[in-house]
There are 2 protein chains.
Amino acid sequence: MTQTSGLVLFAHGARDAEWAEPFRDIAKRVAASRADLAVKLAFLEFQSPVLTDAISELVDAGHHHIRIAPLFMAQGGHLKNDVPKLLADIRARHPALNLELLPAIGDVAELRDAIAAWLVKATSGISA
Amino acid sequence: MTQTSGLVLFAHGARDAEWAEPFRDIAKRVAASRADLAVKLAFLEFQSPVLTDAISELVDAGHHHIRIAPLFMAQGGHLKNDVPKLLADIRARHPALNLELLPAIGDVAELRDAIAAWLVKATSGISA
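Thresholds, definitions, all that
- Positions within a chain are numbered from 1, following the residues in the order the chain's sequence is written.
- Lettering for chains starts from A, numbering for ligands starts from 1, and both go in the order in which the items are written.
- Where local features are concerned, this predicted model is filtered to residues with pLDDT of at least 70; where side-chain atom pairs are given and counted, the filter is 80 or more; whole-chain, interface and lining totals use all residues.
- The side-chain quantities take in all heavy atoms of the structure and omit both hydrogens and water.
- To define axes, lines are fitted to C-alpha atoms, for helices over the stretch in contact only, and angles between the resulting N-to-C directions are given on a 0 to 180 degree scale.
- Secondary structure elements follow DSSP: runs of H or I no shorter than four residues count as helices, runs of E no shorter than two count as strands, and numbering proceeds from the N terminus.
- Geometric relationships in this document are graded by angle, where less than 35 degrees denotes roughly parallel, more than 145 denotes roughly antiparallel, 65 to 115 denotes roughly perpendicular, and other angles denote oblique.
- For a crossing to be left-handed, the near helix must be turned anticlockwise from the far one by less than a right angle; the clockwise case is right-handed.
- Any two residues whose heavy atoms approach within 4.5 Å are treated as being in contact.
- Three classes are used: nonpolar for Ala, Val, Leu, Ile, Met, Phe, Trp, Tyr, Cys and Pro, charged for Asp, Glu, Lys and Arg, and polar for all others, with Gly counted as polar.
- Burial here depends on accessible area, computed with a 1.4 Å probe over protein chains only, as a share of the maximum for the residue type. Under 20% is buried, over 50% is exposed, and the range in between is partly exposed.
- A pair of strands is considered paired only if DSSP assigns at least 2 bridges between the two.
- Handedness of a crossover is defined as follows: with both strands directed away from the viewer, a clockwise route from the first strand across the helix to the second makes it right-handed.
- Here, the term nonpolar core denotes a set of buried Ala, Val, Leu, Ile, Met, Phe, Trp, Tyr and Cys residues that are joined through side-chain atoms within 4.5 Å.
- Here the term cavity refers to a set of points on a 1 Å grid, laid over the protein atoms alone, in which a 1.4 Å probe fits but cannot get out; the term pocket refers to an open set having protein on both sides within 12 Å along at least five of seven lines, with lining residues being those that place an atom within 4 Å of a point.
- Grid points are joined across faces, edges and corners, and a volume is the space filled by probe spheres set on the points.
- Accessible surface is computed with a 1.4 Å probe, and the buried area is the amount of it that two parts give up when combined, taken over both parts together.
- Counted as salt bridges are all cases of a side-chain nitrogen of Lys or Arg within 4 Å of a carboxyl oxygen of Asp or Glu.
- Each polar contact in these results corresponds to two N or O atoms within 3.5 Å; when the atoms are within protein, one needs to be able to donate a hydrogen and the other to accept it, and residues that are neighboring in sequence are counted only if both atoms are side-chain atoms.

A. Main features of the packing of helix 4 (residues 109–122) of chain A against helix 1 (residues 21–33) of chain B. Helix 1 of chain B packs onto helix 4 of chain A with a crossing angle of 45° between their chain directions and a minimal axis gap of 9 Å. With respect to helix 1 of chain B, the element helix 4 of chain A is oriented oblique. In terms of crossing hand, the pair formed by helix 4 of chain A and helix 1 of chain B is right-handed. Listed contacts from helix 1 of chain B to Ala109, Arg112, Asp113, Ile115, Ala116, Leu119 and Val120 of chain A of helix 4 of chain A are Pro22, Asp25, Ile26, Arg29, Val30 and Ser33 of chain B. Of the residues assigned to the contact of helix 4 of chain A with helix 1 of chain B, the class counts are eight nonpolar, one polar and four charged.

B. Focus on the pairing of strand 1 (residues 5–11) of chain B. Residue and element names in this part refer to chain B. Within strand 1, seven of the seven residues are buried, which leaves the element mostly enclosed by the surrounding structure. Going residue by residue along strand 1, you find Ser5, Leu7, Leu9 and Ala11 tucked away on one face and Gly6, Val8 and Phe10 tucked away on the opposite face as well. With seven bridges connecting them, strand 1 and strand 2 (residues 37–43) associate as parallel partners. For Val8, the partnering residue across the bridge sits in strand 2 and is Lys40. Tracing the backbone out of strand 1, into helix 1 and back to the parallel element strand 2 gives a crossover that is right-handed. With six bridges joining them, strand 1 and strand 3 (residues 65–70) adopt parallel strand pairing. Along strand 3, the bridge assignment pairs Leu9 with Ala69.

C. The arrangement of the nonpolar core in detail. Within the largest apolar cluster, 53 residues are counted, with the highest numbers of intra-cluster contacts made by Leu119 of chain A together with Leu119 of chain B. Secondary structure elements with two or more residues in this core: strand 1 (5–11), helix 1 (21–33), strand 2 (37–43) and helix 4 of chain A together with strand 1, helix 1, strand 2 and helix 4 (109–122) of chain B. A total of seven residues in this core trace back to one element, the largest contributor, which is helix 4 of chain A. Beyond its immediate chain neighbours, meaning those up to four positions away, Leu119 of chain B contacts Leu7, Leu9, Ile26, Val30, Ala69 and Leu102 of chain A.

D. Representation of the layout of surface pockets in the model. Computed from the structure, the largest pocket encloses a volume of approximately 830 Å³. Around the largest pocket sit 30 residues that line it, and His12 and His78 of chain A together with His12, Phe72 and His78 of chain B are the ones nearest its centre. Elements represented by at least two residues in the lining of the largest pocket include exactly helix 3 (77–93) of chain A together with helix 3 (77–93) of chain B. Residue composition of the lining of the largest pocket, by class: 16 nonpolar, ten polar and four charged.

E. A look at the sheet that holds strand 4 (residues 98–101) of chain A. Residue and element names in this part refer to chain A. With parallel pairing, the four strands of this open sheet are ordered in space as 2-1-3-4. Only two strands of the sheet have a single neighbouring strand rather than two, namely strand 2 and strand 4. In this sheet, adjacent strand axes meet at a mean angle of 20° when their direction is disregarded. The strands touched by helix 3 within the sheet are strand 1, strand 3 (65–70) and strand 4, with strand 4 carrying the most contacts at an inclination of about 175°.

F. Local environment of the interface of chain B and chain A. On the chain A side, the residues contacting the 53 residues of chain B number 53 residues. For the pair chain B and chain A, the summed buried surface comes to about 4500 Å²; carbon and sulfur atoms form 67% of the total. The interface formed by chain B and chain A contains ten salt bridges. In this structure, Glu18 of chain B and Lys80 of chain A form a salt bridge, with 3.1 Å as the shortest nitrogen-oxygen distance. Put simply, chain B and chain A have 16 residue pairs in polar contact (both at pLDDT 80 or more) between them. Taken together, the elements giving at least two residues each to the side of chain B that touches chain A come down to strand 1, helix 1, strand 3 and helix 4 of chain B. The biggest single contributor to the side of chain B that touches chain A is helix 4 of chain B, with 13 residues. Counted by class, the side of chain B that touches chain A contains 28 nonpolar, twelve polar and 13 charged residues.

Structure follows, in structure tokens:
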């Protein structure tokens, strides 16, 4: 299948390479369901590729519609300040690119639901 | 209902108070399902209460079984280095306390599934 669209899972990154394992697993799960989509992992810092490089690679490979999914729990300084600057930089480099930013994990009601449901389950039976 | 058990949702914290909104919402959802459980939100930094203070409040209120749920995407330096030190400190202060640490969000297979499923849905129809 020709892939013309891409999804970049954008995580913070950490000095410890193992930190990225859950994100690699999520990327694999999404890619397994969406053969039509190029799925890539990118980082804000400490790990590579950084966001701008991941996007450039996708654009060079012919993807002209890219969504960025910030795998952050909530909208802090990184999403409010760093990401708009990165997006402006990406748009300046690739003016024809159709670029969209998805909400953070904690801003998705069904994911808050899933986390709450898991917590209810994980704490069942602990009452004395 | 008498609450003798507690659940502390432990988040990183940020300078921007709004950052904690998703966590407050998750705490509210869990509390709504578990009247038998004292549910509290605590932070590593920038916001209060910090973890040790939240635990002390629960212990002072008579809770002797407390679970801590780290609302972090993955196990980085905070969970690998900071949290063990905090737990050691809490155990030293409250030797009779039954304290358990739940896995990080990204270490729970069903939550990785939920995130992947949401991403598949959020990107449907973007292929050219």
